[in-house]
Amino acid sequence: MSFFTDAPRSRPLFPVPEQELFGYNGRPWVEPPHEYIVPAILPWSMPLGRAERTIVALRGIEVWPESVSFQLSVYSRDLLLDEPGEGLIDHRRVPDYNALLVGVLFPDGRRASSETINVPSATKPDQPVLRAQGLGGSAFHVDHEIFLWPLPPDGPLEFVVQWLDRDIEETRTALDGTAIRDAAKEAGEIWPGLPAREAHGLPVRRVGAQAMITPAWPRESQAPPPLPQPSSPRPASPPAEAPAQQRRGAPLPTRLPRRAR
């Protein structure tokens, strides 16, 4: 007897075409490669900043081949957010230095923090990248993913937290950068050999809510190509006689009249 007793559902009559996963884009500084890599897990759990009614804590670390994700949680006895999915850290706007700030300091002096307005880059950055994303929670508990690229060098990695509105002064916690680098070797690839996405070289122009792929548009300074001329021009036909209403100078209607309500 089968463990699952319900019969399988019937297939849809008109199935939607399935989408295939393309190969990894090779830009590890943009985001964690969740769809391509099973990360190594470091079960490190510790407080990173603490006040009487608020705690900022590390719940664990996911290590990718070239980056690392810190699982950060905030706990409070007071209301944190009406919408926990937005998170408490936002590096897309000018930072509020009284709000929650996080950062890292590498052993070689390089640093990255949430006070920097950070957007994904198409080219490889010359400085470390740190981004924070809210993962939901409740009104009194909010989870975050703190993405850091590249992997830290060997030595102590300092994780820095500050939240002046919650009476949490700048607090530094030393993490083992060597252990993080060693764990990256255990991250496993899920789909080796996937084909790369084809690039057609056509720009995407968004019109309203519809995206259309169009050829490259000429610049305004470029004149449009001349229209081809016929080999043997035909004699011009006499213009048709205009309607009587147009001859009298009456304007033609441009729209239909509204129906009387």
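Keep in mind it's a predicted model, so treat the numbers as computed, not measured.

What am I meant to see in a nonpolar patch on the surface here?
Together, Leu21, Val38, Ile190 and Trp191 make up an exposed nonpolar region whose accessible area comes to about 350 Å². The residue Ile190 is located in the loop between β12 (188-189) and β13 (204-207) in this model. For Ile190, a relative accessible area of 34% translates into the label partly exposed.

I would appreciate a short explanation of the packing of aromatic side chains in the present structure.
Two measures describe an aromatic ring pair: the distance that separates the ring centres and the angle between the ring planes. Evaluation of the coordinates by the stated rule reveals three aromatic pairs. When the centroid spacing of 6.0 Å and the interplanar angle of 65° are considered together, the rings of Trp29 and Trp149 count as edge-to-face. With Trp29 in the segment before β1 (37-38) and Trp149 in strand β9 (residues 141-149), the pair connects residues that are 120 residues apart, well separated along the chain. Summarising the burial analysis for this pair, Trp29 and Trp149 share the class buried.

Please clarify how the nonpolar core should be interpreted in this entry.
A general feature of soluble globular proteins is that nonpolar side chains tend to end up buried together. Counting 37 residues, the largest nonpolar core has Ile61, Val63, Phe70, Ile146 and Phe159 as the members making the most contacts within it. Setting aside residues no more than four positions away along its own chain, Phe159 makes contact with Leu48, Phe70, Leu72, Val102, Gly103, Val104, Ile146, Thr171, Arg172, Thr173 and Leu175. Of all hydrophobic cores here, the second largest spans five residues; its members include Trp29, Val129, Phe147 and Trp149.

How should I be thinking about unusual backbone geometry in this particular structure?
Both trends apply: most residues other than glycine have a negative phi, and most peptide bonds are in trans. Put simply, Trp149 and Pro150 share a cis peptide bond, and its omega is 0°. Here Pro150 shows up in the loop between β9 and β10 (156-163). If you check the backbone angles, Asp167 has positive phi at about 65° while not being a glycine. Looking at where Asp167 falls in the secondary structure, it is placed in the loop between β10 and β11 (168-176). Since its relative accessible area comes to 62%, Asp167 is described here as exposed.

Whenever I open this one, the environment of Pro33 confuses me. Can you help?
Tracing the chain through its elements places Pro33 in the segment before β1. Given a relative accessible area of 7%, Pro33 falls into the buried group. Along the chain, Pro33 and Ser67 lie 34 residues apart, while their C-alpha atoms are 9.2 Å from each other. For Pro33, the residues in contact, after removing those within four places along its chain, are Tyr24, Trp64 and Ser67.

About the cut-offs
Residues numbered from 1 in each chain as written. Predicted model: local features only at pLDDT ≥ 70, side-chain atom pairs only at ≥ 80, totals over all residues. Heavy atoms only, no water. Patch = residues over 30% accessible without salt bridge, like charges linked within 9 Å, V, L, I, M, F, W, Y side chains within 5 Å. Areas by Shrake-Rupley, 256 points an atom, 1.4 Å probe, with all protein chains shown as cover. Salt bridge = Lys/Arg side-chain N within 4 Å of Asp/Glu carboxyl O. Helix = DSSP H or I, 4+ residues; strand = E, 2+ residues; numbered from the N terminus. Buried < 20%, exposed > 50% of the residue type's maximum accessible area, 1.4 Å probe, protein only. Phe/Tyr/Trp six-rings, centres within 6.5 Å; stacked < 30°, edge-to-face > 60°. Core = buried A, V, L, I, M, F, W, Y, C linked by side-chain atoms within 4.5 Å. Contact = heavy atoms within 4.5 Å.

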